[in-house]
Amino acid sequence: MLNITPIPIIEDNYAWLLQHEGKTLIVDPGEAKPVIKYLKANQLTLNYMFITHKHWDHVTGIAEIKAAFPQCIIYGTGHHDIPCREIALMGEETFELMGLNWKVWHTPGHTLDHIVFHTQTIDDNGQTQHHIFSGDNIFACGCGRMFEGTPEQFHASLQSIVNHPPSTLIYCTHEYTLANINFALHVEPNNTYTLHRQDMCQSLREENLPTVPTTVGDELKSNPFVRCDQPDVIRAAEHFSGKVLGKPEEVFAEIRKMKDTF
Ligand SMILES: [Zn+2]
């Protein structure tokens with residue numbers, strides 16, 4: 001059974017802890033202390049680390065965690081220098097680790113070095129459950145800032161994630177959902193699913209519970225950044241830019257600019 005736990009770090013980041021067949025893996029530990037504390041409190045050791053991209057809030061904890069658990073092997077993007085990285089991944093890799101089959105692909109857009117990690121499990125009903133560790137690529141009802149890539153690259157990266165079955169779980173690394181929903185409702189005020197999602201997420205946050213992981217299905221219904229072919233999203237982007245926009249990538253570029261100043 002695959003166990004996946006969000007460990008809150010920094011202010012609004014999550015490092016994801018995976019346990020399977022007696023092995024333990026952490027994704028994007030931007031801060032060491034909460035991760036080490038959790039592992040020790042639960043009498044766990046750490047076997048592996050996955051790093052999606054170079055930003056400080058994803059890599060700062062690596063060295064201190066490696067010092068505490070020296071046997072831990074660090075897999076990270078090979079498109080940039082990552083502290084202590086032992087295995088560089090360029091994307092398009094597949095490998096077996098802790099009894100799971102992993103697939104990695106390159107998702108430039110937020111940064112040029114960004115990669116995502118995919119694995120799958122079989123649930124109690126015999127159905128395949130997909131899991132994607134998406135870093136700062138797609139967020140619940142949003143996406144990362146476009147620091148380095150082009151709109152074409154970022155749009156394609158987001159599509160490579162939502163191009164999975166609706167039940168796919170997406171483990172993103174920030175608790176930005178309520179702010180993202182406010183923006184999504186600015187773009188699509190009549191999206192009843194987004195309004196419903198706002199109620200659900202508000203209740204979760206009142207209980208101090210995470211609003212993530214999210215699912216591909218939820219994102220396709222409410223995230224404007226993966227709905228760039230929807231009439232209301234196109235209309236909002238055209239109104240913002242004052243231009244007629246032909247392609248989803250152009251719509252994406254305008255929606256991303258709109259969010260930057262929202
Ligand atoms: Zn980042």
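Residues numbered from 1 in each chain as written. Predicted model: local features only at pLDDT ≥ 70, side-chain atom pairs only at ≥ 80, totals over all residues. Heavy atoms only, no water.

*Asks:* Now, about the nonpolar core: what can you tell me, with residues and values included?
*Replies:* Side chains of nonpolar character tend, in soluble globular proteins, to be buried together. Counting residues in each nonpolar core, the largest one holds 25 residues, and the members touching the most others are Trp16, Leu18, Phe50, Phe95, Trp102, Phe117 and Phe133. For this core, the secondary-structure elements that each account for two or more residues are strand E2 (13-20), strand E3 (23-27), strand E4 (48-51), strand E7 (94-97), strand E8 (100-106), strand E9 (115-122) and strand E13 (169-172). When residues no more than four places from it in sequence are discounted, the contact partners of Leu18 are Leu2, Asn3, Ile4, Lys23, Thr24, Leu25, Val27, Met98, Trp102 and Phe133. By size, the runner-up hydrophobic cluster in this structure holds 24 residues, among which are Ile161, Phe225, Val233 and Ile255. (Core = buried A, V, L, I, M, F, W, Y, C linked by side-chain atoms within 4.5 Å. Buried < 20%, exposed > 50% of the residue type's maximum accessible area, 1.4 Å probe, protein only. Helix = DSSP H or I, 4+ residues; strand = E, 2+ residues; numbered from the N terminus. Contact = heavy atoms within 4.5 Å.)

*Asks:* Can you explain the packing of aromatic side chains? Please cite residues and give values.
*Replies:* Per the stated rule, a full pass over the model turns up 15 aromatic pairs. Here Tyr48 and Tyr75 contribute two aromatic rings whose centre-to-centre distance is 6.2 Å and whose plane-to-plane angle is 75°, an arrangement assigned as edge-to-face. With a gap of 27 residues between them, Tyr48 in strand E4 and Tyr75 in strand E5 (residues 73-77) connect regions that are remote in the sequence. Classification of Tyr48 by relative accessible area gives buried; the value is 13%. Where Phe50 meets Phe95, the ring centres are 6.3 Å apart and the plane angle is 90°; that geometry is what we call edge-to-face. (Phe/Tyr/Trp six-rings, centres within 6.5 Å; stacked < 30°, edge-to-face > 60°.)

*Asks:* Describe the side chain of Ser157, listing the residues and the values that go with them.
*Replies:* With respect to the helices and strands, Ser157 occurs in helix H4 (residues 151-162). For Ser157, a relative accessible area of 4% corresponds to the buried category. Ser157 has contacts with Thr107, Pro108 and Asn137, leaving out every residue within four places of it along the chain.

*Asks:* I'd like a description of the pairing of E7, backed by residues and values.
*Replies:* Residues Phe95 and Leu97 point to one face of E7 and are all buried, whereas Thr94 and Glu96, pointing to the other face, are not buried. Both E7 and E8 contribute to a ladder of four bridges, which runs antiparallel. Counterpart to Thr94 in the pairing with E8 is Lys103. Between the end of E7 and the start of E8, which pair antiparallel, lie two residues, with Met98 showing a positive phi angle near 45°. (Pairing = 2+ DSSP bridges.)

*Asks:* Quick one: what's the story with the sheet that holds strand E10 (residues 128-135), residue by residue and with numbers?
*Replies:* Here we have six strands laid out as an open sheet, ordered E7-E8-E9-E10-E13-E14, and mixed in their pairing. Every interior strand has two partners, whereas the edge strands, E7 and strand E14 (214-215), have only one.

*Asks:* An account of the layout of surface pockets is needed here, citing residue identities and associated values.
*Replies:* Quantified by volume, the largest pocket comes out at close to 310 Å³. Mapped by element, the contributors of at least two residues to the lining of the largest pocket are helix H5 (177-187) and helix H9 (248-260). Among the residues forming the lining of the largest pocket, the class breakdown is six nonpolar, five polar and five charged. Here the second largest pocket defines a volume of roughly 170 Å³. Taken together, Met1, Leu2, Thr121, Ile122, Asp123, Asp124, Gln129 and His131 form the lining of the second largest pocket. (1 Å grid on protein atoms, 1.4 Å probe; cavity = no way out; pocket = protein on both sides within 12 Å on 5 of 7 lines; lining within 4 Å. Points joined across faces, edges and corners; volume = space filled by probe spheres on them. Nonpolar A, V, L, I, M, F, W, Y, C, P; charged D, E, K, R; others polar.)

*Asks:* Hey, could you go over the state of the cysteines for me, with residue numbers and the actual values?
*Replies:* Taken as a whole, this structure holds zero disulfides when the rule is applied. Cys84 supplies the cysteine sulfur nearest to Cys72, a cysteine that is in no disulfide, at a spacing of 9.2 Å. Looking at the unpaired Cys143, the closest cysteine sulfur is the one in Cys228, lying at 8.7 Å. The exposure class assigned to Cys143 is buried, which follows from its relative accessible area of 6%. (Disulfide = S-S within 2.5 Å.)

*Asks:* Any details on the pairing of E5? Residues and values, ideally.
*Replies:* In terms of burial, E5 is largely enclosed, as four of its five residues are buried. Here E4 pairs with E5 via four bridges, running parallel. Looking across to E5, one finds that Phe50 is bridged to Tyr75.

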